[in-house]
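Residue-level listing of the chains:
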Amino acid sequence: MALKLAYETWGEGSRPLLLLHGFTGNRSSFDHLRPLLGEKVRAIAVDLPGHGETPLPTRTGREGFLETVDALVAVLDELKVPTANLLGYSQGARFALAAALRRPERFGRLIMESGSPGLHRRQERTERRAKDAELATFIRQRGVEAFVAHWEAQPIFAGLRKLPAEQQETLRTRRGACTVEGLVGALDCLGLGVQPDYWPELQRQRLPTLLLTGALDDKFTQIARRMAAELPVVWRRTFEDCSHAPHLEVPEEYAREVLSFLQTPWYESPEEFENTTPDKSAAGGHN
């Protein structure tokens, strides 16, 4: 039986926008953006496998990753949405890129927040799978609560520790709703170590693409710069005083950037932009 993703829709706009959350998130991860985006988009927020109400794929490893990508397209089929825009954060950004490459005819514009095309070297992928296996063991032995505390303590999430207490509690509750089985399974089939290496394919990814990162997240800002040098039609925005999750750290500014990108009628055809690679950091490069 094919993998079926749990999802919900919201918003009154005419632009379908598929929302893909990060590791330990679920389809409610973008709910705080409803007042900021809801008038302009028709959001389709999914639970990725092992998160929320979505089960794990029927296959493991790389095949499970690709099964998940196909399940995203199946959501559009079920909703009778011929084409949608994509917005993914971290883990979700990797799936957004994968979907854009695997089924480009089903998508219009691509927004990647703190995402990566994968690991280029086989040794890197092997090492990452080993680290994910260690993390899976930690989760099995210590449980979700201890894992969430460990996860939130990472330097990459320093910006989230500056959020108001109520928002931090909402985020912690969402992460705490994860299950041991779901998180361990997600590491196995959604992780960076099993994801295909999409770096060599970036040059054929012709969807208009917006890369969003936080300036304090140097690792993913550098990845975005490298991606911008490869993608044919790309814009880039770095949010000052932000780390890994600008959609949580500066939601108003983030929403303005997203809507500006989606609403700007500059895109005509892939051929027109074949040799165009604008890399607009700082403020509003596509405005």
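Only a predicted model underlies this, so the values are computations on that prediction, with no experimental measurement involved.

Before going further, it helps to examine the pairing of strand E6 (residues 209-214). In the case of a regular strand, side chains alternate between the two sheet surfaces. Of all six residues making up E6, six are buried, and the element is well covered by its neighbours. Residues Thr209, Leu211 and Thr213 point to one face of E6 and Leu210, Leu212 and Gly214 to the other, with burial holding for every one of them. Bridge count for strand E5 (residues 107-113) against E6 is four bridges, and the pairing is parallel. Counterpart to Leu110 in the pairing with E6 is Thr209. By the bridge criterion, six bridges tie E6 to strand E7 (residues 234-239) in an arrangement that is parallel. Within E7, the position partnered with Leu210 by the bridge is Trp235. Between the parallel elements E6 and E7, the chain passes through helix H8 (residues 218-228) in a crossover that is right-handed.

All right, on to the pairing of E7 then. Burial within E7 is extensive, with six of its six residues counted as buried. Residues Val234, Arg236 and Thr238 point to one face of E7 and Trp235, Arg237 and Phe239 to the other, with burial holding for every one of them.

We now examine helix H6 (residues 165-176). With 12 residues, H6 should cover 16 Å at 1.5 Å per step; its first-to-last C-alpha distance of 16 Å lies within 8% of that length. Buried within H6 are the following residues: Gln168, Leu171, Arg174 and Arg175. In a view along the axis of H6, the buried residues occupy a sector of 125°, so they form one face of it. Facing away from the buried side of H6, by more than 90 degrees, are the exposed residues Ala165 and Glu166. The secondary structure elements touched by the buried residues of H6 are helix H5 (144-152) and helix H9 (246-249).

Under the defined criterion, the tally for this structure stands at six aromatic pairs. An aromatic cluster is present here, built from Phe23, Phe147, Trp151 and Phe157 joined pairwise through their rings. The aromatic ring of Phe261 is capped on one face by Arg109, whose charged end is 5.9 Å from the ring centroid. The ring of Trp199 carries the charged tip of Arg226 above its face, separated from the ring centre by 4.1 Å.

Further remarks concern the environment of Arg225. By the secondary structure assignment, Arg225 is in helix H8. In sequence terms Arg225 and Leu211 are 14 residues apart; their C-alpha atoms lie 8.8 Å from each other.

A few words now on the environment of Pro164. Assignment of secondary structure puts Pro164 in the loop between H5 and H6. We classify Pro164 as partly exposed; its relative accessible area is 46%. Through-space distance from the C-alpha of Pro164 to that of Leu202 is 38 Å; in sequence the pair is 38 residues apart.

What follows deals with the packing of helix H4 (residues 122-142) against H5. Two numbers describe a pair of packed helices, the interaxial angle and the distance between the axes. Contact pair H4 / H5: the axes reach a minimum separation of 7 Å and the direction vectors enclose 135°. Judged by the angle between their axes, H4 and H5 are oblique. Where H4 approaches H5, its residues Leu135, Phe138, Ile139 and Arg142 are matched on the opposing element by Val144, Ala146, Phe147, His150 and Trp151. Of the residues assigned to the contact of H4 with H5, the class counts are seven nonpolar, one polar and one charged.

The next subject is the sheet that holds strand E3 (residues 41-46). Spatially, seven strands are ordered E1-E3-E2-E4-E5-E6-E7 in an open sheet, and the strand pairing comes out mixed. Because the sheet does not close on itself, it has two edges, and the strands there are strand E1 (7-10) and E7. Strand after strand, the sheet turns through a mean of 20° between neighbouring axes, direction not considered. Pairing analysis gives four bridges linking strand E2 (residues 15-20) to strand E4 (residues 84-89), with the strands arranged parallel. By the bridge assignment, Leu20 is partnered in E4 with Gly88. Its contacts with the sheet put helix H2 (residues 61-79) on E1, E2, E3, E4 and E5, and the angle it makes with E3 is roughly 130°.

Overall, the predicted model of the protein reaches an average pLDDT of 92, with 92% of residues at or above 70. Within the model, the stretch residues 267-287 combines pLDDT values under 50 with 45 contacts to residues more than four positions away or in other chains.

Now for helix H7 (residues 180-190). The buried count for H7 comes to eight of 11 residues, which makes it a mostly enclosed element. Of the positions making up H7, those classed as buried are Gly182, Leu183, Val184, Gly185, Ala186, Leu187, Cys189 and Leu190.

Parameters at a glance
Residues numbered from 1 in each chain as written. Predicted model: local features only at pLDDT ≥ 70, side-chain atom pairs only at ≥ 80, totals over all residues. Heavy atoms only, no water. Buried < 20%, exposed > 50% of the residue type's maximum accessible area, 1.4 Å probe, protein only. Helix = DSSP H or I, 4+ residues; strand = E, 2+ residues; numbered from the N terminus. Pairing = 2+ DSSP bridges. Right-handed = clockwise from strand over helix to strand, strands pointing away. Expected span 1.5 Å × (residues − 1). Arc of directions from axis to C-beta. Contact = heavy atoms within 4.5 Å. Phe/Tyr/Trp six-rings, centres within 6.5 Å; stacked < 30°, edge-to-face > 60°. Lys NZ or Arg CZ within 6 Å of the ring centre and 35° of its normal. Axes fitted to C-alpha atoms, helices over the stretch in contact; angles between N-to-C directions. Parallel < 35°, antiparallel > 145°, perpendicular 65-115°, else oblique. Nonpolar A, V, L, I, M, F, W, Y, C, P; charged D, E, K, R; others polar. pLDDT = per-residue confidence, 0-100.

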